[in-house]
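Each chain, letter by letter, is given below.
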Amino acid sequence: MEPSQVAIIGSGLIGRSWAMVFAAGGFKVKLYDIAQQQLTSALENIGKQMKELEESGFLKGTLSAEQQLALISICTDLKAAVEGATFIQECTPENLELKKKIFGQLDLIVGNTVILSSSTSCLLPSKLFTGLKHVKQCIVSHPVNPPYFVPLVEIVPHPETDPSTIERTYSLMKKIGQSPVKLNREIEGFVLNRLQYAVISEAWRLVGEGVISPTDLDLVMSDGLGMRYAFIGPLETMHLNAEGISNYCERYREGMRLVLNTFGSVPEFSGEIEQKINQAMSEKIPVVPKVLDARRKRRDEYLTGLAKLKKQMKSD
Ligand code: NAI
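In the annotation of an unreviewed UniProt entry, the chain is listed under the name L-gulonate 3-dehydrogenase and assigned to Athene cunicularia. In the Subunit (unreviewed entry) part of its UniProt record, the chain is described as follows: "Homodimer." According to the UniProt record, the Sequence similarities (unreviewed entry) comment for the chain is "Belongs to the 3-hydroxyacyl-CoA dehydrogenase family."

Aromatic rings in a pair are described by how distant their centres are and how their planes are angled relative to each other. In this structure the tally under the stated criterion is 7 aromatic pairs. A centroid spacing of 5.9 Å and a plane angle of 45 degrees characterise the contact between Phe 22 and Phe 87, whose relative ring orientation is tilted. Note that Phe 22 is positioned in helix H1 (residues 13-24) and Phe 87 in strand E4 (residues 87-90), a separation of 65 residues in sequence. Owing to a relative accessible area of 1%, Phe 87 belongs among the buried residues under this scheme. Ring geometry for Phe 103 against Phe 129: centres 5.0 Å apart, planes inclined by 85 degrees, an arrangement best described as edge-to-face.

Turning our eyes to something else, we now look at H1. Since the α-helix advances by 3.6 residues per turn, residues separated by three or four positions end up pointing in the same direction. End to end, H1 covers 17 Å across 12 residues, agreeing with the expected 16 Å (1.5 Å per residue, within 8%). For H1, the buried fraction is high: 10 of the 12 residues fall into the buried class. Listed as buried for H1 are Gly 15, Arg 16, Ser 17, Trp 18, Ala 19, Met 20, Val 21, Phe 22, Ala 23 and Ala 24. Just downstream of H1 lies Gly 26, where phi reads positive at about 85 degrees.

Per the counting criterion, the structure on display carries 9 salt bridges. One salt bridge connects Glu 202 with Arg 205, and the closest N-O pair in it is separated by 2.8 Å. Taken as a pair, Glu 202 and Arg 205 lie in helix H8 (residues 192-208) at a separation of 3 residues, close to a single helical turn. Given a relative accessible area of 18%, Glu 202 falls into the buried group. The salt bridge partner of Arg 296 is Asp 293, with a shortest N-O separation of 2.9 Å. Placement of both Arg 296 and Asp 293 in helix H13 (residues 289-314) is noted, with a separation of 3 residues, approximately one turn of the helix.

This part covers the site of the ligand. Among the 23 residues in the neighbourhood of the ligand, the closest are listed as Asp 33, Gln 38, Glu 94, Lys 99 and Ser 121. Note that an oxygen atom of the ligand is positioned 2.7 Å from one of the side-chain N or O atoms of Gln 38. At 2.7 Å from an oxygen atom of the ligand is found a side-chain nitrogen or oxygen belonging to Ser 121. Taken together, the elements giving at least two residues each to the shell around the ligand come down to H1, helix H5 (96-109) and strand E6 (138-143). The residue inventory of the shell around the ligand, partitioned by class, reads 10 nonpolar, 10 polar and 3 charged.

To continue, consider the sheet that holds strand E1 (residues 5-9). A sheet is described by the order of its strands in space; here 8 strands give the open sequence E3-E2-E1-E4-E5-E6-E7-E8, paired in mixed fashion. Strands at the two margins of the open sheet, each flanked by one partner only, are strand E3 (72-75) and strand E8 (179-182). Pairwise comparison of adjacent strand axes, ignoring direction, gives a mean angle of 25 degrees for this sheet. Alignment of strand E5 (residues 115-118) against E6, held across 3 bridges, turns out to be parallel. For Ser 118, the partnering residue across the bridge sits in E6 and is Val 140. Across the sheet, helix H2 (residues 36-55) is in contact with strand E2 (28-32) and E3; its angle to E3 comes to roughly 165 degrees.

Along the polypeptide, Glu 54 turns up in helix H2. For Glu 54, a relative accessible area of 33% translates into the label partly exposed. Remark: the alpha-carbon pair of Glu 54 and Asp 33, spanning 21 residues in sequence, is separated by 27 Å. Filtering out sequence-adjacent residues up to four positions away, Glu 54 remains in contact with Leu 59, Ser 64 and Ala 65.

So, how was this worked out
Throughout, a residue's number is its position along its own chain's written sequence, starting from 1. Thresholds applied to this predicted model are a pLDDT of at least 70 for local features of residues and 80 or more for the giving and counting of side-chain atom pairs; totals over whole chains, interfaces and linings are not thresholded and use all residues. The side-chain quantities take in all heavy atoms of the structure and omit both hydrogens and water. UniProt positions are given in the numbering used here, feature names are shortened, and annotations may be inferred rather than shown by experiment. A pair of Phe, Tyr and Trp rings is counted when the ring centres sit within 6.5 Å of each other, with Trp represented by its six-membered ring. The angle between the planes then sorts it: under 30 degrees is stacked, over 60 is edge-to-face, the rest tilted. Strands here mean DSSP runs of E at least two residues long; helices mean DSSP runs of H or I at least four residues long; both are numbered from the N terminus. Burial classes follow relative accessibility: with a 1.4 Å probe on protein chains only, a residue under 20% of its type's maximum area counts as buried, one over 50% as exposed, and anything between as partly exposed. Multiplying 1.5 Å by the residue count of a helix minus one yields the expected span of that helix. Within this document, salt bridges are pairs made up of a side-chain nitrogen of Lys or Arg and a carboxyl oxygen of Asp or Glu, the two lying within 4 Å of each other. The criterion for a residue being near a molecule or strand is simple. One of its heavy atoms has to lie within 4 Å of it. Pairing of N or O atoms within 3.5 Å defines a polar contact, subject to two protein rules: one partner must be a possible hydrogen donor and the other a possible acceptor, and residues neighboring in sequence count only if both atoms are side-chain atoms. Under this grouping Gly is polar, as are all residues other than the nonpolar Ala, Val, Leu, Ile, Met, Phe, Trp, Tyr, Cys and Pro and the charged Asp, Glu, Lys and Arg. In this analysis, strands are considered paired if DSSP registers two or more bridges between them. Throughout, an axis means a line fitted to C-alpha atoms (over the contacting stretch in the case of helices), and angles, computed between N-to-C directions, take values from 0 to 180 degrees. Any two residues whose heavy atoms approach within 4.5 Å at even a single point are treated as in contact.

The structure is reproduced here in structure tokens:
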């Protein structure tokens with residue numbers, strides 16, 4: 001049987017990752033970009049990454065790197081790129097006008113069954129899709145970088161998105177090994193970034209008020225909170241840290257409220273505190289492309305190891 005086909009619009013960091021995730025799931029992938037050079041280097045880079053993953057035993061899926069690479073083709077013609085696709089994942093730069101233009105173009109050339117999905121990190125579906133003829137087929141599927149190792153995908157519907165579009169997207173994400181979650185309605189920052197910004201803003205305030213150094217603040221997360229969060233979310237943590245949620249609330253409700261009432265206002269993320277944090281981070285990791293790239297590579301290695309551990313522990 002011919003494998004199902006998807007189209008990826010934009011072959012940058014996220015487009016490449018999606019292409020690899022879909023190819024690992026056995027899908028035929030057409031990768032589209034406005035720049036031929038960008039596509040050529042995307043394909044080269046994907047091939048290199050797949051080979052390295054295969055050599056280190058981390059390649060996803062059941063096909064070899066060569067077989068997965070053969071599933072991906074590149075294309076600079078939008079109509080040809082989406083022809084025959086059942087799912088289109090847009091991965092162009094985070095710019096509302098640009099994305100609206102692209103979805104407007106897609107709206108004119110697609111049929112009534114294909115799903116039009118955006119990787120946007122923070123543009124709301126109502127901003128992206130309102131007025132499109134195929135709005136029922138539109139959805140946001142927000143990945144987490146790097147999607148190859150961090151499987152979460154936030155599925156965010158437009159108020160007019162058809163329930164079947166949500167269900168089909170959810171099933172597809174499961175099928176390719178990602179971990180989808182459904183938002184029942186759109187909200188600024190979706191869920192992941194709302195949680196992330198809550199953490200960032202309290203981190204900023206604690207460092208700004210001189211309670212802790214920037215490097216120790218990071219350790220609180222990487223050697224403390226973060227360790228359990230890789231396996232167990234905050235709500236389950238509450239449940240387990242007492243005799244269930246109600247018992248936790250009974251014991252800690254007042255204490256939590258007392259602490260939460262001491263939280264400050266939304267930080268400016270500028271000025272002296274910015275300089276202080278920047279200095280500490282730059283001493284640890286100088287802002288030099290080679291050093292940053294090496295550290296990103298290390299981050300991906302950590303995530304790869306964690307992904308492997310999670311897989312092993314799930315099959316216990
Ligand atoms: P990028 O800048 O690496 O890639 C964008 C690609 O789009 C480039 O290859 C560019 O040539 C192409 N492009 C520009 N105009 C185009 C057009 N009219 N038609 C087709 N392709 C076009 O950006 P990145 O980081 O891959 O981000 C893509 C999307 O994914 C953004 O919406 C971003 O918010 C979202 N996202 C990014 C994450 C990240 O950590 N980088 C994480 C989650 C989502």
